[in-house]
Amino acid sequence: LTGFLGFVAWASYIFVYTPLKKLTPLCTVVGAVPGAIPPMMGWTAAANSLDWGAGALFSILFLWQIPHFLALARMYREDYLNGGFPMLPVIDADGSRTSRQIFIFCLVLVPASLFPCFLGLSGRFYLGGALARVEEEVRGRIHRTLVHGRPQLRLMIRSLRSGRRILHLSRL
């Protein structure tokens, strides 16, 4: 099972994601699939099953990759443009669609990050840290975006500095 998942990750990266990089901004979402499979491989190697725990790990890493890589692509927009890679930040000149995607994936990541707690896979320490991080973001960026609407959402990613902040937050 673990070897099969490794093959799926390798094949989807080489034969699906790599050719799409020069064709469509959806490559980021497609590339997040092989990027999120390795934790599932670890799970199946240890548990010899593909169950909810593996799905929880996959969903967290999959959802995390989108805002992380969109922030990177926004920071290096000119490089991707010059290289002929139609990443979302390249085709989204004002950053509004990129901001919206980052915001949506971050919102969905919140409940996904709590999923291991509800499955009994993590303890109170993880739950406390996850809830503190969620609360900090809700009070900050998410609250401002919901209260102030589209202008705040556009400002969230437009500048290089904001792209760096999102990148930094995505590593926490």
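Whatever comes next refers back to the structure up there.
Residues numbered from 1 in each chain as written. Predicted model: local features only at pLDDT ≥ 70, side-chain atom pairs only at ≥ 80, totals over all residues. Heavy atoms only, no water.

Visitor: How do you make sense of the environment of Pro38 when you look at a structure like this?
Guide: For Pro38, the position within the fold is in helix H2 (residues 27-47). When the C-alpha atoms of Pro38 and Leu57 are compared, they prove to be 9.3 Å apart, with 19 residues separating the residues in sequence. (Helix = DSSP H or I, 4+ residues; strand = E, 2+ residues; numbered from the N terminus.)

Visitor: Is there a simple way to think about the packing of aromatic side chains in this case?
Guide: How two aromatic rings sit relative to each other is set out by the distance from centre to centre and by the angle between their planes. This structure, assessed with the given rule, holds six aromatic pairs. Measuring from ring centre to ring centre gives 5.6 Å for Trp10 and Phe15, while their planes differ by 90°; the resulting arrangement is edge-to-face. Owing to a relative accessible area of 57%, Phe15 belongs among the exposed residues under this scheme. Their ring planes at 90° and their centres at 6.3 Å tell us that Tyr80 and Phe85 sit as a pair that is edge-to-face. We classify Tyr80 as partly exposed; its relative accessible area is 27%. Residue Phe85 is classed as partly exposed on the basis of its relative accessible area of 24%. Members of the aromatic cluster, each reached through a chain of ring pairs, are Phe7, Trp10 and Phe15. Its guanidinium or amino end placed over the ring of Phe85, Lys22 lies 4.6 Å from that ring's centre, counting from NZ or CZ. (Phe/Tyr/Trp six-rings, centres within 6.5 Å; stacked < 30°, edge-to-face > 60°. Buried < 20%, exposed > 50% of the residue type's maximum accessible area, 1.4 Å probe, protein only. Lys NZ or Arg CZ within 6 Å of the ring centre and 35° of its normal.)

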